[in-house]
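# Survey of secondary and tertiary structure
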Amino acid sequence: MYSVRMRATKDEMHISGAERLVDEKNIKIAAVSMIERALSHDRGKPDFINISVEEIETPIKEITSLPINLVNVNSVEEGKKVAKKVLSHIGIPYLCVEKAFTLLENGPSDGENMRGAIVMDMKGERLEPDKRRGIRASHMDITPIASLLLADALSKKGLTRHFTHVKEALVLATKVAFTKGSIAELCWSDDPFYTTGYVASGKLGYVRIPHLKKEGDYRGGRVFFVDNVNITDYIEEIEKTPVLITKFDGLREISDLNNITGE
Ligand code: WAQ
Ligand code: MG
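### Here's the deal with the overall build of the chain
- Within the chain, the secondary structure is distributed over 7 helices and 13 strands.
- Expressed along its principal axes, the backbone C-alpha trace of the chain runs to roughly 50 × 40 × 35 Å.
- Looking at the chain residue by residue over its 263 residues, the buried ones come to 49%.
- The contacts in the chain between residues at least 6 apart in sequence include a share of 70% that link residues at least 24 apart.

Here it is as structure tokens:
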């Protein structure tokens, strides 16, 4: 298998990125579609596109996706309340939850977004060695069949237009959730017009929350909440171990949050 990755920038500012794990015969198709994607991003036309193709020699971990739980909220205020309730139910201390929200709301890298994620322990300490870059989940993908089942489930809920965002976020969240030491993840997009975010965990799956920030807000980010990790090993696993999602674990609507938190 090969890891095919794309990164596009303009004036050294990030425009878009993508990655796949593919067989040799699919390298070309993956690379071409990534170039097309880089050239057609909302953020503008890149002046630099980097495509890398790397043979994967370590065995690929095959896993089932987290299940998707759709929550319905009507405002950012309600969305944040739900996200905090879910995190607290998973067992993340109040102090850590509040700190994570404050960081993402204000731009965790001196008011700017990070390229990667914050790693926070159960005392609220940030463990990522580089506070601007953060840690970057990489070397992960979903099989065409699992991806098709996801597309089908989304289309039944009228969410087809969000397919690419959901797919990539679900792949990342699943890899993170299955990494030893991960307890939960909080995420919302840095795209000013993409207000949806999620709380993901092995315990409650991928809880998708439509409003975690106001439209027009360019701030976003990710926090990986961890416990008992050796940070070097944790980063190695998140950034380098290849993971392929071979099964989609389904999607359901949560009308009452208490149904998942069991309260
Ligand atoms: N590893 C770690 N952190 C990352 C990575 C990565 N590979 N890629 C992005 N980040 C961080 C970085 O701080 C970005 O600013 C932030 O996450 C948001 O990235 O509808 O689109 O790619 O269910 O803007 C979630 C909801 C969408 C999807 C998330 O994130 C849905 C999204 P974005
Ligand atoms: Mg983005």
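Picking up where we left off.
### Some details on the packing of aromatic side chains
- Per the stated rule, a full pass over the model turns up 2 aromatic pairs.
- Ring centres of Phe101 and Trp188 lie 5.6 Å apart, and the angle between their planes is 40°; this geometry places the pair in the tilted category. Highlighted residues: Phe101 in helix H3 (residues 94–106) and Trp188 in strand E8 (residues 182–188), separated in sequence by 87 residues. Of the two residues examined, Phe101 and Trp188, each falls in the buried class.
- Where Tyr198 meets Tyr206, the ring centres are 4.5 Å apart and the plane angle is 25°; that geometry is what we call stacked. Judged on exposure class, the residue Tyr198 and its partner Tyr206 are both buried.

### Section: the sheet that holds strand E5 (residues 68–71)
- Strand order in the open sheet formed by 7 strands is E6-E11-E8-E9-E10-E5-E13, with mixed pairing between adjacent strands. Single-partner strands in this sheet number two, and they are strand E6 (118–120) and strand E13 (251–254). Taking each pair of neighbouring strands and ignoring which way they run, the sheet shows an average axis angle of 20°.
- Each of E5, E8, strand E9 (197–201), strand E10 (205–209) and strand E11 (221–226) touches helix H2 (residues 76–90); the most contacted strand, E9, lies at about 10° to it.
- The sheet strands contacting helix H6 (residues 231–240) are E6, E8 and E11, and the helix crosses E11 at an angle near 130°.

### Thoughts on the pattern of salt bridges
- One pass over the full model with this rule turns up 13 salt bridges.
- The partner of Lys80 in a salt bridge is Glu105, and the shortest N-O contact between them spans 2.6 Å. Residue Lys80 is found in helix H2, and its partner Glu105 is found in helix H3; the two are separated by 25 residues along the sequence.
- Given a relative accessible area of 27%, Glu105 falls into the partly exposed group.
- Its salt-bridge partner being Asp217, residue Arg219 comes within 3.8 Å of it at the nearest N-O pair.

### What to know about the domain arrangement of the chain
- With domains assigned, the chain is organised as domain 1 (2–57) and domain 2 (62–261).
- For domain 1 and domain 2, the distance between their C-alpha centroids amounts to 22 Å.
- Contact with domain 1, which involves 10 residues of that partner, is made by 11 residues of domain 2.
- Summing both sides of the interface, domain 1 and domain 2 together bury roughly 970 Å²; the carbon and sulfur share of this comes to 42%.
- With a closest N to O distance of 2.7 Å, Glu168 and Arg37 form a salt bridge.
- Taken together, the connections running from domain 1 to domain 2 amount to 7 residue pairs in polar contact (both at pLDDT 80 or more).
- Per-class residue counts for the side of domain 1 that touches domain 2 are 2 nonpolar, 1 polar and 7 charged.

Conventions and cut-offs
- Residues numbered from 1 in each chain as written.
- Chains lettered and ligands numbered in written order.
- Predicted model: local features only at pLDDT ≥ 70, side-chain atom pairs only at ≥ 80, totals over all residues.
- Heavy atoms only, no water.
- Helix = DSSP H or I, 4+ residues; strand = E, 2+ residues; numbered from the N terminus.
- Buried < 20%, exposed > 50% of the residue type's maximum accessible area, 1.4 Å probe, protein only.
- Contact = heavy atoms within 4.5 Å.
- Phe/Tyr/Trp six-rings, centres within 6.5 Å; stacked < 30°, edge-to-face > 60°.
- Pairing = 2+ DSSP bridges.
- Axes fitted to C-alpha atoms, helices over the stretch in contact; angles between N-to-C directions.
- Salt bridge = Lys/Arg side-chain N within 4 Å of Asp/Glu carboxyl O.
- Domains from an automatic or database assignment.
- Buried area = accessible area lost by both parts, 1.4 Å probe.
- Polar contact = N/O pair within 3.5 Å; in protein donor to acceptor, adjacent residues only side chain to side chain.
- Nonpolar A, V, L, I, M, F, W, Y, C, P; charged D, E, K, R; others polar.

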